[in-house]
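Summary of structural features
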Protein chains: 2
Amino acid sequence: MAGTKRLTQHDIAKLAGVSQATVSLVLNGAPTALARIPQETRERVQQVIRTTGYVADPIARRMAKGLNRILGVFTYEPAFPSEQADFFAPFLLGIEEEAQAQNYDLLLLTGAGVGRERKIFADGNRLRIADGCLVLGREFDRAELKRLVTGDYPFVAIGRREDAGGPVPYVGGDYANGTRALVEKARALGHDRLAFIGPSGSAESIVDRWRGFSGAITGSAELVLHVDEVGRSAVDTLDAIVRSGASAVFFVELADAVRVEAAARERGLSIPNDFSAVVLGSHVRAERSHVQFTSFNIPREEMGRQATAMLVRRIEDAAPVEQILLTCEPVEGQTLGPAKKRT
Amino acid sequence: MAGTKRLTQHDIAKLAGVSQATVSLVLNGAPTALARIPQETRERVQQVIRTTGYVADPIARRMAKGLNRILGVFTYEPAFPSEQADFFAPFLLGIEEEAQAQNYDLLLLTGAGVGRERKIFADGNRLRIADGCLVLGREFDRAELKRLVTGDYPFVAIGRREDAGGPVPYVGGDYANGTRALVEKARALGHDRLAFIGPSGSAESIVDRWRGFSGAITGSAELVLHVDEVGRSAVDTLDAIVRSGASAVFFVELADAVRVEAAARERGLSIPNDFSAVVLGSHVRAERSHVQFTSFNIPREEMGRQATAMLVRRIEDAAPVEQILLTCEPVEGQTLGPAKKRT
DNA sequence: CTTGACTGCTAATGCGTATTAGCAGCTAAT
DNA sequence: ATTAGCTGCTAATACGCATTAGCAGTCAAG
C-alpha cells in the first residue's frame, strides 16, 4: 500500500479519455470555460475522479497559482512553554478562529535552531511558505521590523508598534485610554495622591500605559510615588506606598499587585479601605488570585481575530497599512474604593 | 512596495553571474557536486544571497523534491480555546521543541469551515502540504483513522489507538500500568474495598485505565462501587462512597475528585483519614486545587516530542510502524494513606 | 459559397526548484 | 600526440497543476 504513487491529472485524463487540461478545467475551470465542456464529458471525468479518489496535489496547485492560503505566525518567544502559554494562547485562539473562518491554515514558525535568538530572517527560515505573517511577542527586534516594513512581504503586528522606516500595520490594545479611564475613575472617587508601580519605558505597551497615566494627572492630582525597579521586594514597595501617603496605587504588573496585596494584608492593611489598587491590564490567570483587582480588559482574542482579518486583506486585496487600537474596557473589580479623608 | 516580485534563483544567478543551476547547487548540492564549485564562486553566490535576503520558495522546493520540512498538526478540536488550551498546550510544547530541533516547521490545520466537524479529509486535502502529520484529540474518527492507516501518507497519533485496518503508529501514555501501580500501592497500604468513579469505556485512554484497574483487583480486593455517570452530583457520589464502605476511591477525572473532596470536607470527613482518594492521571492546572491528589504523571511534553521524532523517522527513513507507550510515574500526593481498620 | 461565430476540446507554457547529463578547457599520463 | 581524467560550470528536464492560445469541426447568416 505504501509506495503507491499518487494519482495525477494525467492518469485521470487517460482513464477518462480526455486531456490533462480538460480534467483541470472540470475540476476548477472558470464558468466561461466550463460552459464549453458538455455535461456528458464532465460527468465522465467526475466519475473517474470519484472512483479513483483522486485529489489534486495542493503543492502543485500553489505552485501554479502562487498562493498558499497559509498564514505564518511568528512569535519572538517559543509559543507554548507554560509561562508563555498563558500569554500567547488567547491571541492564538483568535487567530485560529479567524484563519479557519477565512479558510487559511496556520504555519507556526519555530525560529532557527535551539538556543539561538528567534529571528524572522534567520537563515533557513521558511517564512515565505506563508502568504503573509503575523508577528507577536513582547519585545520586537527593531531592525527586523524595519526590514519587514521596507519589504514587500505582507505582515501585521499584534500590539501597537512605533514607525520603523514607515508605519507598521498593527492591531493593538488601547492601553493609553484604558489607563486614562481608570485614573479618571479613581479621581472621581476622590483619589489625589497616586502611585505608579512598574516601568514606564522600553516596549510600546509600557510606554502607552505611562502616557495614559501621566496624561491624566491634572489639577489637584499628584504623582506621589513611582517605583520603577522590578526586583524590589513587596514589603519595600508597600513601605514606600505607605510612606508616600498614596491613596490609589497603579500597577503595571498583576504579579506586583498580588504580592503587595498579600504584604498589606499581613500587616493588617486592607484594600481598598486603606488604599486602592488598580492593575493596568487583564491577565489570563487572574482567577488564580483570590482578589479581583480593578483593571482594564485586554481583548486578546479579538486582537488575534482582527489582526488575522487585516492580514488577509493585505494579502488578497493589497490593502493599505492600517493601524487599529481596540478599546480596553474597564473591569470593575474590588480594589478601587472611595478615597479616605486624609487626616 | 507591495507588488515587487519575489526573488528567484534566476535573479540571484544573474546578479552573481552564474546559472540558476549553480545557485541551487551552492545552496544545497551534494558534497560531490559542491566540490566542483570553487570557493570563490560559492562565496560570490552566498554574498548575493545574503544581501538580497533570498530564501528558496519552499513550495517549489517541495514540488521538485517532494519534501517540505513541514509537519502538519491536526487537532480534532480547535487547539486554543481556553478549556482545550490546557489540554493541548503541553503536547504542542513538546512538538514545537522537537520540530525545531529537527528543523521542521509546524502547520496547524484549522479544519474546514466553522461549525462543521473537523475532518482530516475535508475538501482540498490541505493536509498534503505537510510532509506528514500528527493527529491529536480525545476522540478520533475511526473511518478517518482507517483511511490514514491504509493510505501512504505518514502520520503519527498522540495517544494509544486501536488497530484500524492495520496497526496505528502512536506515542501514548501507559495509563494501564500507571493505574495498576496506584492500585497496588493502595493495596499495600491495606486497602481492600475499592471504588471507581468515572467511565470505563469508549476512548482508548479510558479503556486503558479501566483495564489497569480491574486487572489489579485480585485476591482479597473487591470493587465495592463503580459510578459511571458523569453528571451525578458530588454529594450523591460521596453518599454512595460512604455507603459502599470503600476505603480507597479512584477517580478518572480530577474535577470529580475535587468536588467530592470538597463535599467530604464540608461533612467533616477528611482525606485520607476517612478514605483515600487517587486520581488517574495528572492535570495541567492541578495546582489550582489546594489538595495535592495522589495520581500518576502523564508525560505530555515527552509524548509530543517522541511523536514528532517518530513522524520524522517515518517521513525521512520510511521507518516501519512503531507503537510507544511512555511510563506514567506515580505522583505521591497527600490523599493516599493507610487503610483504616474496619470496625 | 464565403464569413463569422460557436463548440469541444488540446497543446503548450509557466510556476521555482532539484538534479542529471554533458560541454568546453585544461593537465597529466601513455 | 592521443587519451583519460579533472575542473567549472550550464542546458535541459521533471515535478503536477492552471491557464491561455488556438485548432478543427459545425452551423447559421449574408
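Since the model is a prediction, treat every value here as computed from it, not as a measurement. (Residues numbered from 1 in each chain as written. Chains lettered and ligands numbered in written order. Predicted model: local features only at pLDDT ≥ 70, side-chain atom pairs only at ≥ 80, totals over all residues. Heavy atoms only, no water.)

When helices and strands are tallied, chain A shows twelve helices and twelve strands. Within the span of chain A, comprising 343 residues, buried residues form 51% of the whole. Residue pairs in contact within chain A that sit at least 24 positions apart in sequence constitute 70% of those at least 6 positions apart. Element-wise, carbon and sulfur atoms account for 51% of the exposed surface of chain A, whose accessible area totals about 15,600 Å². (Helix = DSSP H or I, 4+ residues; strand = E, 2+ residues; numbered from the N terminus. Buried < 20%, exposed > 50% of the residue type's maximum accessible area, 1.4 Å probe, protein only. Contact = heavy atoms within 4.5 Å. Areas by Shrake-Rupley, 256 points an atom, 1.4 Å probe, with all protein chains shown as cover.)

Below, the discussion takes up the protein's contact with DNA strand C. Around DNA strand C, a shell composed of 24 residues is seen, among which T22(A), R36(A), P38(A), N28(B) and Y54(B) lie nearest. For DNA strand C, a phosphate oxygen lies 2.6 Å from a polar atom in the side chain of T22(A). Those elements that place two or more of their residues in the surface near DNA strand C are α2 (20–28) and α5 (58–65) of chain A together with α2 (20–28) and α5 (58–65) of chain B. By residue class, the composition of the surface near DNA strand C is twelve nonpolar, eight polar and four charged. (Near = heavy atom within 4 Å. Polar contact = N/O pair within 3.5 Å; in protein donor to acceptor, adjacent residues only side chain to side chain. Nonpolar A, V, L, I, M, F, W, Y, C, P; charged D, E, K, R; others polar.)

This part takes up helix α8 (residues 175–188) of chain A. Residues and elements named next belong to chain A. Look at α8: 20 Å from first C-alpha to last across 14 residues, which is about the 20 Å you get at 1.5 Å a residue. Buried within α8 we find Y175, A176, G178, T179, L182, V183 and A186. In the stretch just after α8, G190 is the one whose phi turns positive, near 95°. (Expected span 1.5 Å × (residues − 1).)

Here the focus is the sheet that holds strand β5 (residues 170–173) of chain A. Ordered in space as β11(A)-β5(A)-β4(A)-β3(A)-β1(A)-β2(A)-β2(B)-β1(B)-β3(B)-β4(B)-β5(B)-β11(B), the twelve strands form an open sheet in which the pairing is mixed. Two strands close off the open sheet at either side, each with one partner strand: β11 (323–326) of chain A together with β11 (323–326) of chain B. Within this sheet the neighbouring strands show an average axis-to-axis angle of 20°, counted without direction. Bridge count between strand β5 (residues 170–173) of chain B and β11(B): four bridges; the pairing is parallel. Residue pairing for β11(B): G173(B) is matched across the bridge by L326(B). (Pairing = 2+ DSSP bridges. Axes fitted to C-alpha atoms, helices over the stretch in contact; angles between N-to-C directions.)

A few words now on unusual backbone geometry. Residues and elements named next belong to chain A. A cis amide bond, omega 10°, links I271 with the succeeding residue P272. The topology assignment puts P272 in the loop between α11 (254–266) and β9 (276–279). Residues other than glycine seldom take positive phi values, yet S202 does so here, at roughly 65°. Tracing the sequence through the fold places S202 in the loop between β6 (193–197) and α9 (204–215). Residue S202 is classed as exposed on the basis of its relative accessible area of 63%. Unusually for a residue other than glycine, A318 sits at a positive phi of about 50°. Mapped onto the elements of the fold, A318 is located in the loop between α12 (300–317) and β11.

Quick look at the packing of helix α1 (residues 9–16) of chain B against α2(B) now. Helices that pack against each other are described as a pair by the angle of their axes relative to one another and the distance between those axes. Residues and elements named next belong to chain B. At a closest axis distance of 8 Å, the pairing of α1 and α2 adopts a crossing angle of 100°. It follows from the interaxial angle that α1 and α2 lie roughly perpendicular. On the side of α1, the interface is formed by Q9, H10, I12 and A13, while α2 contributes Q20, V23, S24 and L27. (Parallel < 35°, antiparallel > 145°, perpendicular 65-115°, else oblique.)

Let us look at the environment of R305(A). Residue and element names in this part refer to chain A. Inspection of the secondary structure puts R305 in helix α12. For the pair formed by R305 and A101, sequence separation is 204 residues and the distance between their alpha carbons is 9.9 Å. In terms of polar contacts, R305 uses its side chain to reach the side chain of E302, at 2.2 Å.

Using the criterion set out here, one finds ten aromatic pairs over all chains in the structure. Between the aromatic rings of F196(A) and W210(A), the centroid separation amounts to 4.8 Å while the plane-to-plane angle is 80°, which identifies the pairing as edge-to-face. Placement of F196(A) in strand β6 and of W210(A) in helix α9 is noted, with a sequence separation of 14 residues between them. With a centroid separation of 5.2 Å and 65° between ring planes, the pair formed by F213(B) and F250(B) is classed as edge-to-face. Pair noted here: F213(B) is in helix α9 (residues 204–215) and F250(B) is in strand β8 (residues 248–251), with a separation of 37 residues, a long-range link. (Phe/Tyr/Trp six-rings, centres within 6.5 Å; stacked < 30°, edge-to-face > 60°.)

Here we take up the protein's contact with DNA strand D. Close contacts around DNA strand D come from 24 residues, with N28(A), Y54(A), T22(B), R36(B) and T41(B) the closest. Within 4 Å of the protein, the contacting atoms of DNA strand D are 52% sugar and phosphate, with bases supplying the remainder. Between a base oxygen of DNA strand D and a side-chain N or O atom of R36(B), the distance comes to 2.3 Å. Elements with a minimum of two residues in the surface near DNA strand D: α2 and α5 of chain A together with α2 and α5 of chain B. Looking at which element gives the most residues to the surface near DNA strand D, the answer is α5(A), with five residues. Taken together, the residues of the surface near DNA strand D sort by class into eleven nonpolar, nine polar and four charged.

Attention shifts here to α1(B). Residues and elements named next belong to chain B. For α1, the complete set of buried residues consists of Q9, I12, A13 and A16. Down the axis of α1, the buried set is contained in an arc of 100°. They therefore lie on one face. When the buried face of α1 is taken as reference, the exposed residues oriented beyond 90 degrees from it are H10, K14 and L15. Buried residues belonging to α1 abut α2 and α4 (39–52). In the segment just after α1, G17 is the residue with positive phi, at about 70°. (Arc of directions from axis to C-beta.)

Before going further, it helps to spend a moment on the pairing of strand β8 (residues 248–251) of chain A. Residues and elements named next belong to chain A. The two faces of β8 match: A248 and F250 on one face and V249 and F251 on the other face are all buried. As defined by bridge partners, β6 adjoins β8 across four bridges and the pair is classed as parallel. By the bridge assignment, I197 is partnered in β8 with F251. With α11 bridging β8 and the parallel β9, this β-α-β connection has right-handed handedness. (Right-handed = clockwise from strand over helix to strand, strands pointing away.)

Another aspect to go through is the confidence of the model for chain A. For any part of a model where pLDDT is low, the fine detail of the predicted coordinates should not be relied upon. Residue and element names in this part refer to chain A. In this model, chain A carries an average pLDDT of 85, and 87% of its residues clear a pLDDT of 70 or more. When pLDDT is averaged over each helix and strand of chain A, the minimum, 79, is found for helix α6 (residues 82–101) and the maximum, 98, for β11. Confidence drops under a pLDDT of 50 for residues 112–116, and excluding neighbours within four residues, the segment shows six contacts in the predicted structure. (pLDDT = per-residue confidence, 0-100.)

It is worth spelling out the pattern of salt bridges at this point. Applying the stated rule across the entire model yields 30 salt bridges over all chains. One salt bridge connects R161(B) with E204(B), and the closest N-O pair in it is separated by 3.2 Å. One end of the pair, R161(B), is in the loop between β4 (155–158) and β5; the other, E204(B), is in helix α9, with 43 residues separating them in the sequence. Owing to a relative accessible area of 7%, R161(B) belongs among the buried residues under this scheme. A residue is classified by how much of its surface remains accessible, and E204(B), at 9% relative accessible area, is buried. A cluster of three or more residues bridged by salt bridges with shared partners is formed by E97(A), E301(A), E302(A) and R305(A). (Salt bridge = Lys/Arg side-chain N within 4 Å of Asp/Glu carboxyl O.)

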